[in-house]
Amino acid sequence: MIKNKYLALVLFVLFVLVFWNIFDFIFNFVTGKPYTFEVGDELILPIVVGLLTGGMLFLKEK
């Protein structure tokens, strides 16, 4: 387990960002739509979701 809670938060946000885009690519492949990278949908939204979720998980007081 990672002792530094801020490092854990950054790694969690990166994990969410990577998997968000992988799942979006797979979903578009399955539905037959072309994958297009948009800053809002593929970058900003996963970072915000990762920060909110990770903040609740890693930055809470024990």
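What comes next is a walk through the structure. (Residues numbered from 1 in each chain as written. Predicted model: local features only at pLDDT ≥ 70, side-chain atom pairs only at ≥ 80, totals over all residues. Heavy atoms only, no water.)

### Quick notes on the overall build of the protein
Part 1 of the reasoning: Across its full length, the protein carries two helices and zero strands.
Part 2 of the reasoning: Taking 2.2 N^0.38 as the reference for a compact globule, 62 residues should give roughly 11 Å; the C-alpha atoms of the protein span a radius of gyration of 14 Å, well beyond that estimate.
Part 3 of the reasoning: Along the first, second and third principal axes, the C-alpha atoms of the protein reach 45 × 20 × 15 Å.
Part 4 of the reasoning: For the protein, the accessible surface area stands at approximately 5,000 Å², while carbon and sulfur atoms represent 76% of it. (Helix = DSSP H or I, 4+ residues; strand = E, 2+ residues; numbered from the N terminus. Rg over C-alpha atoms; globule rule 2.2 N^0.38 Å. Areas by Shrake-Rupley, 256 points an atom, 1.4 Å probe, with all protein chains shown as cover.)

### What about the side chain of Glu42?
Part 1 of the reasoning: As for its position among the elements, Glu42 is in helix α2 (residues 39–58).
Part 2 of the reasoning: If we ignore the near neighbours within four places in the chain, the residues touching Glu42 are Leu17, Trp20, Asn21, Asp24, Tyr35, Thr36 and Phe37. (Contact = heavy atoms within 4.5 Å.)

### Digging into the packing of aromatic side chains
Part 1 of the reasoning: Evaluation of the coordinates by the stated rule reveals four aromatic pairs.
Part 2 of the reasoning: Consider the rings of Phe12 and Phe58, whose centres lie 5.6 Å apart with planes at 65°: the pair is edge-to-face. Linking Phe12 in helix α1 (residues 5–31) with Phe58 in helix α2, this pair joins segments that are 46 residues apart in sequence.
Part 3 of the reasoning: Both rings, one in Phe15 and one in Phe19, keep their centres 4.5 Å apart while their planes meet at 50°; by these two values the pair is tilted. Remark: Phe19 and Phe15 occur in helix α1; sequence separation between them is four residues, near one turn of the helix.
Part 4 of the reasoning: Relative accessible area serves as the criterion here: at 32%, Phe19 is assigned to the partly exposed category. (Phe/Tyr/Trp six-rings, centres within 6.5 Å; stacked < 30°, edge-to-face > 60°. Buried < 20%, exposed > 50% of the residue type's maximum accessible area, 1.4 Å probe, protein only.)

### Quick notes on the environment of Phe15
Part 1 of the reasoning: Since its relative accessible area comes to 48%, Phe15 is described here as partly exposed.
Part 2 of the reasoning: It is 14 Å that separates the C-alpha atoms of Phe15 and Leu52, two residues lying 37 residues apart in sequence.

Keep in mind these numbers describe shape, not what the thing actually does.
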